[in-house]
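# Architecture and fold: a report
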Amino acid sequence: MDRETFHNCCSLAKMPRQIHQQHCSSHFIEYIEREIPYSKFFKNYLISNQPCMFSKKFTEAWNCRKNWVLADGKPNLQRLLHEFDETPVPVANCNAKEYNSNPKQIMPFKEFIQYWREYIQNGHSSPKGCLYLKDWHMHRNFPEHNTYKTPIYFSSDWLNEYWDTIEVDDYRFVYMGPKGSWTPFHADVFRSYSWSANICGRKKWLLYPPGQEEFLRDCHGNLAYDVTAPVLQDKGLYPQFEEACQPLEIIQEAGEIIFVPSGWHHQVYNLEDTISINHNWLNGCNLDVMWQFLQEELSSVQREIEEWRDTMDTWHQHCQVIMKSCTGIDYGEFASFLRTIANNRMSFLNSCPRNADNCKDLLVESLFALGPQHAAFDLQRVLHIFENMLSNEDFKRLDPSALSFKPEELLQEIREAIRTIV
């Protein structure tokens, strides 16, 4: 990212984000046939929060595209069985509903492959239902496999950077499902971005821009489970369904990568036996969306237990605990997340290597590829959100022990670091 792009993007990022009540008629998906400058993707898709599709040229060098796929384009089940054998994997039953998702079980990988083979032989049906291996942390469990390489467009990935740092979790997944498997209507964790690459097979995506999901709630406020279900035509149950626009319907072919922006709810079908790699990720471009999401989640918790506010001395702390159990993060950890991202950028700027050969790890290699101006942009965004948090009443109420640092001191360090590069 050059200096001019940096200043332009900082100005764009500071503008109020219009992530509500967008209309489908103003959206379409652009197809990226060959490499484009990172700055163009940054401005046209990340900052603008617009979807796009990358051609199969972006995945043709990946090992999994060569090793996991047969000459006829079908999954190489024998090769996969050889690689993963007894590995425990999460498998969902697409024919069962649990809340607004599908119930999961853990089974040995070879048992899923045996099921998949029988499912295909029986004309894509089974008395066990339609099972879907999903949300499998394959990359975390088998980092030595070198299965794929994240394209540079998705490399500013704070979510996985943070969870890699604390070595607790990650948001990199492999999905493997037979023809007919699907994922119910949802938006991604923390309202993050996602990218999904088809290693083999085809998918159909139904995408709704932010705000349209409000028309797809029932009379109790619950989000639709299946946006194609006839029950949505019942005005008594879904009084606003007719106000929803038609979704963007997208067919994703083998090898292609789809970029799904923040807050775009979607429902996805496997049209063939399909394997995909999916990352949830966020960065300075959609950090404000995540912060807004967390505030809304906390407000929702507070409304639910409002009746106990005056009888509990630790009511606000309990709200944070409940919020974390529901969303996976609370305000204290969000602050720690921002601190980790800021410290990594300041460390990089203080010892910026002269060339990629001096990069000692993948994080520094990624920061080097994006450049010091991008690191400065990241710091600007962290600074902006932290300043907003410090004026937030719920953040002010946090128990001091919830933070292992003083935010005001960190903000001063960030301001000084930005001054040295801008």
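Residues numbered from 1 in each chain as written. Predicted model: local features only at pLDDT ≥ 70, side-chain atom pairs only at ≥ 80, totals over all residues. Heavy atoms only, no water.

Within an unreviewed UniProt entry, the label attached to the protein reads 2-oxoglutarate and iron-dependent oxygenase JMJD4, and the organism entered is Cirrhinus molitorella. What the UniProt record of the protein gives under Sequence similarities (unreviewed entry) is the line "Belongs to the JMJD6 family." The Cofactor (unreviewed entry) comment attached to the protein in UniProt states, word for word, "Fe(2+)". (UniProt positions renumbered as here; feature names shortened; annotations may be inferred.)

### Examining unusual backbone geometry
Within the chain, Asp85 stands out as a residue other than glycine whose phi angle is a positive 40 degrees. Here Asp85 is to be found in the loop between helix 4 (77-84) and strand 3 (88-93). The partly exposed category is assigned to Asp85, whose relative accessible area is 36%. A positive phi angle, near 60 degrees, is found at Asp135, a position not held by glycine. Mapped onto the elements, Asp135 comes out in strand 5 (residues 131-136). Judged by its relative accessible area of 23%, Asp135 falls in the partly exposed class. (Helix = DSSP H or I, 4+ residues; strand = E, 2+ residues; numbered from the N terminus. Buried < 20%, exposed > 50% of the residue type's maximum accessible area, 1.4 Å probe, protein only.)

### Let's talk about the sheet that holds strand 10 (residues 248-252)
Pairing in this open sheet of four strands is antiparallel, and the strands run 7-12-9-10 from one edge to the other. Either end of the sheet is taken by a strand with one partner, and the two such strands are strand 7 (182-186) and strand 10. Each adjacent strand pair in this sheet contributes to an overall mean axis angle of 15 degrees, direction not counted. Bridge count between strand 9 (residues 203-208) and strand 10: five bridges; the pairing is antiparallel. Across the sheet, residue Leu207 finds its bridge partner in strand 10, namely Leu248. (Pairing = 2+ DSSP bridges. Axes fitted to C-alpha atoms, helices over the stretch in contact; angles between N-to-C directions.)

### Description of the UniProt feature "domain: JmjC" (unreviewed entry) in the protein
Per the UniProt annotation, the sites labelled "domain: JmjC" (unreviewed entry) are residues 139-298. End C-alpha to end C-alpha, residues 139-298 measures 32 Å, and it is 15% helix and 30% strand.

### Focus on the pattern of salt bridges
The final tally for this structure, using the stated rule, is 18 salt bridges. The residue Arg202 makes a salt bridge to Glu253 at a minimum N-O spacing of 2.9 Å. Of this pair, Arg202 sits in the loop between strand 8 (193-200) and strand 9 while Glu253 sits in the loop between strand 10 and strand 11 (257-260), placing them 51 residues apart in sequence. Here Arg217 ties to Glu214 by a salt bridge, and the two come within 3.1 Å at their closest N and O atoms. Under the relative-accessibility criterion, Arg217 is labelled partly exposed at 26%. The class for Glu214 is partly exposed, based on a relative accessible area of 35%. Beyond isolated ion pairs, a larger network of salt bridges with shared partners links Arg140, Asp164, Asp169, Asp170 and Arg172. (Salt bridge = Lys/Arg side-chain N within 4 Å of Asp/Glu carboxyl O.)

### A word on the packing of aromatic side chains
Following the criterion strictly, the structure yields 43 aromatic pairs and no others. Measuring from ring centre to ring centre gives 4.9 Å for Phe84 and Trp136, while their planes differ by 85 degrees; the resulting arrangement is edge-to-face. Of this pair, Phe84 sits in helix 4 while Trp136 is found in strand 5, placing the two residues 52 residues apart along the sequence. (Phe/Tyr/Trp six-rings, centres within 6.5 Å; stacked < 30°, edge-to-face > 60°.)

### Topic: the pairing of strand 13 (residues 274-281)
For strand 13, a buried count of eight out of eight residues is recorded, marking the element as mostly surrounded by other parts of the structure. Burial along strand 13 is two-sided: Thr274, Ser276, Asn278 and Asn280 facing one way and Ile275, Ile277, His279 and Trp281 facing the other are all buried. Bridge analysis of strand 6 (residues 172-177) against strand 13 gives six bridges, and the strand direction is antiparallel. Pairing of Tyr175 across the sheet is with Ser276, part of strand 13. Pairing geometry for strand 8 and strand 13, over seven bridges, is antiparallel. By the bridge assignment for strand 13, Trp195 is matched with His279.

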